[in-house]
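Per-entry structural report
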Amino acid sequence: SQQGEEDPQALSIQEGENATMNCSYKTSINNLQWYRQNSGRGLVHLILIRSNEREKHSGRLRVTLDTSKKSSSLLITASRAADTASYFCAIIKAAGNKLTFGGGTRVLVKP
Amino acid sequence: EPEVTQTPSHQVTQMGQEVILRCVPISNHLYFYWYRQILGQKVEFLVSFYNNEISEKSEIFDDQFSVERPDGSNFTLKIRSTKLEDSAMYFCASSVGGSSGANVLTFGAGSRLTVL
């Protein structure tokens, strides 16, 4: 498998707290992306970080990438109940267009 | 905002029957994909399609499966003889693509297939 596991598999936090989830992968990548999936719905793109970038921000989202460790993290700051969803990382290999997903982290934000 | 639309949203079929899942990708997108997600499991790549032909397929995408772009707008996934294990949510996606490899996919809401 080119994609490792995400951890934790599930995360339960209180509204206002930060949520951090991690993703590991096994191959050289062009970029890494994070997607969100509400229960029973499609995936929505959140943020993309290229292999030559180390950190990226988008609103309350912060993504880091460590290509030497082949890992990425997604931080959601000041979480809201509406952030309750599953979050998936996905990679694009160094040569290709295919997006390969990890197993996802289920996040529950309690009001 | 442009979106990928999928029909049907839910289909129930008997084992051995043929199923066609339909997708209308975003109009200026060039790359089309099918993924599936068995309940509670990860999202698995099935096939990618570009320039009217399959560009890549996974080992899941065997002879039972086929894709077609019959006209300028629709992109279909056909499952020829469904098995119980084909029960899953099937997602269509499309992207502009690009030589830079920054391929952001837009997903449809999915078609839930239940094989009895």
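Some details on the confidence of the model for chain A
- Overall, the predicted model of chain A reaches an average pLDDT of 92, with 96% of residues at or above 70.
- In the model of chain A, strand S1 (residues 3-7) of chain A stands out as the element of lowest mean pLDDT, 73, in contrast to strand S7 (residues 61-66) of chain A, which has the highest, 98.

Topic: the side chain of threonine 82 of chain B
All names here are of chain B.
- Structurally, threonine 82 is set in the loop between strand S8 (75-79) and strand S9 (88-95).
- Residue threonine 82 is classed as buried on the basis of its relative accessible area of 1%.
- Side-chain polar atoms of threonine 82 contact the backbone oxygen of glutamine 14, separated by 3.2 Å.
- Of note is the side chain of threonine 82, whose polar atom sits 2.9 Å from the backbone oxygen of glutamine 17.
- Excluding its chain neighbours within four sequence positions, the residues that come into contact with threonine 82 are Thr13, Gln14, Met15, Gly16, Gln17, Val19, Gln64 and Val115.

Topic: the packing of aromatic side chains
- Enumeration according to the criterion identifies 14 aromatic pairs over all chains in this entry.
- Consider the rings of tyrosine 33 of chain B and tyrosine 35 of chain B, whose centres lie 6.4 Å apart with planes at 40°: the pair is tilted.
- A relative accessible area of 0% means that tyrosine 35 of chain B is categorised as buried.
- Ring pairs connect the aromatic residues Tyr35, Phe88 and Phe101 of chain A together with Tyr33, Tyr35, Phe45, Phe91 and Phe107 of chain B, which therefore count as one cluster.

Here we look at the interface of chain B and chain A
- Chain B puts 20 residues into the contact, and the matching count from chain A is 20 residues.
- Both sides together, the interface formed by chain B and chain A hides about 1700 Å², and carbon and sulfur atoms give 53% of it.
- Its largest share of buried area at the contact with chain A, chain B owes to Lys42, Val43 and Phe107 of chain B, together 26% of the area lost on that side.
- There are one salt bridge connecting chain B and chain A.
- Applying the counting rule to chain B against chain A returns five residue pairs in polar contact (both at pLDDT 80 or more).
- Of all elements in the fold, only strand S4 (31-37), strand S5 (43-50) and S9 of chain B reach the threshold of two or more residues within the side of chain B that touches chain A.

Some remarks on the layout of surface pockets
- Here the largest pocket is characterised by a volume of approximately 500 Å³.
- Taken together, 25 residues make up the lining of the largest pocket; nearest its centre are Gln37, Ser86 and Arg106 of chain A together with Gln37 and Gly40 of chain B.
- By residue class, the composition of the lining of the largest pocket is seven nonpolar, 13 polar and five charged.
- Each pocket or cavity is described by its volume, and for the second largest pocket that value is around 380 Å³.
- As for the second largest pocket, its lining consists of 14 residues, and the residues nearest its centre are Leu43 and Val44 of chain A together with Glu3, Thr106 and Phe107 of chain B.
- Among the secondary structure elements, those contributing two or more residues to the lining of the second largest pocket are strand S5 (43-50) of chain A together with strand S10 (106-107) of chain B.
- With three residues, S5 of chain A is the largest single contributor of residues to the lining of the second largest pocket.
- Along the lines of polarity and charge, the residues of the lining of the second largest pocket split into seven nonpolar, four polar and three charged.

Conventions adopted
Residues numbered from 1 in each chain as written. Chains lettered and ligands numbered in written order. Predicted model: local features only at pLDDT ≥ 70, side-chain atom pairs only at ≥ 80, totals over all residues. Heavy atoms only, no water. pLDDT = per-residue confidence, 0-100. Helix = DSSP H or I, 4+ residues; strand = E, 2+ residues; numbered from the N terminus. Buried < 20%, exposed > 50% of the residue type's maximum accessible area, 1.4 Å probe, protein only. Polar contact = N/O pair within 3.5 Å; in protein donor to acceptor, adjacent residues only side chain to side chain. Contact = heavy atoms within 4.5 Å. Phe/Tyr/Trp six-rings, centres within 6.5 Å; stacked < 30°, edge-to-face > 60°. Buried area = accessible area lost by both parts, 1.4 Å probe. Salt bridge = Lys/Arg side-chain N within 4 Å of Asp/Glu carboxyl O. 1 Å grid on protein atoms, 1.4 Å probe; cavity = no way out; pocket = protein on both sides within 12 Å on 5 of 7 lines; lining within 4 Å. Points joined across faces, edges and corners; volume = space filled by probe spheres on them. Nonpolar A, V, L, I, M, F, W, Y, C, P; charged D, E, K, R; others polar.

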